[in-house]
Amino acid sequence: MNSVGAFLSTAALLAVGIGTALASDASFYTETIPAPMASAQKEVVQALSHGHFKVVMNLDILKRIEAKQKVLHIPNLNQGGYADARAIVFCNPFLFSALLNSNWQASSVCPLNLTLLSKGSDTTVIFPRRAIYTHATKASLVGMKIDKMVISSLQTIPGSHP
């Protein structure tokens, strides 16, 4: 299986398994931007860049999975009726280094990611908090710093509200 196929298979399993995840609402920072996907994505990338993060990848998740729907046979795909679903992968090398130096296992929370889901003229940003993974380790302060930096960056987007 090639890397795109492996990604799509993993994404499909995650999409199906989201309802059974053990994470709580507090595990995620969520905010809504009053803009369609294209505009919201530009705003998010700009906010992350100003917050000292480098965007390394943008994935059009829903489009990729829908393109493979006949092969993947995902039951009930997109029951929420989202018009678009995208992932942004980003990094800050200093934060990665701090994770690696404080607890090498905690470095696995990088690269960072967030998901954008759009419906109508609104786009919702979902960021899985890293402190959830680092809280019981020597990297807990770094995890909290990551969350604070990412969330502060996202909150600079005009019109955003948690």
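Placed above this text is the structure.
Quick caveat: nothing in here was measured; it's all calculated off a predicted structure.

Q: Explanation requested: the overall build of the protein chain in the structure shown.
A: In terms of regular secondary structure, the protein chain is built from seven helices and five strands. Considering only residue pairs separated by 6 or more positions, the protein chain has 74% of its internal contacts joining residues 24 or more positions apart. Here the protein chain has roughly 9500 Å² of accessible surface; of this, 60% comes from carbon and sulfur atoms.

Q: It is not clear to me how a nonpolar patch on the surface should be interpreted in this structure. Could you clarify?
A: A contiguous nonpolar surface patch, about 330 Å² in accessible area, is contributed by F96, L100 and W104. Structurally, W104 is set in the loop between α5 (93–102) and β4 (112–119). Classification of W104 as exposed rests on a relative accessible area of 60%.

Q: Just checking my understanding: could you explain helix α7 (residues 140–154) for this structure?
A: Think of an α-helix as turning once every 3.6 residues; residues three or four places apart then point the same way. Given a rise of 1.5 Å per residue, 15 residues ought to cover 21 Å, and the 21 Å separating the end C-alpha atoms of α7 matches this to within 8%. Among the residues making up α7, those that are buried are S140, V142, G143, I146, D147, V150, I151, S153 and L154. Down the axis of α7, the buried side of the element spans an arc of 165°, and every buried residue falls inside it. Of the exposed residues in α7, the ones pointing more than 90 degrees away from its buried face are L141 and K148.

Conventions and cut-offs
Residues numbered from 1 in each chain as written. Predicted model: local features only at pLDDT ≥ 70, side-chain atom pairs only at ≥ 80, totals over all residues. Heavy atoms only, no water. Helix = DSSP H or I, 4+ residues; strand = E, 2+ residues; numbered from the N terminus. Contact = heavy atoms within 4.5 Å. Areas by Shrake-Rupley, 256 points an atom, 1.4 Å probe, with all protein chains shown as cover. Patch = residues over 30% accessible without salt bridge, like charges linked within 9 Å, V, L, I, M, F, W, Y side chains within 5 Å. Salt bridge = Lys/Arg side-chain N within 4 Å of Asp/Glu carboxyl O. Buried < 20%, exposed > 50% of the residue type's maximum accessible area, 1.4 Å probe, protein only. Expected span 1.5 Å × (residues − 1). Arc of directions from axis to C-beta.

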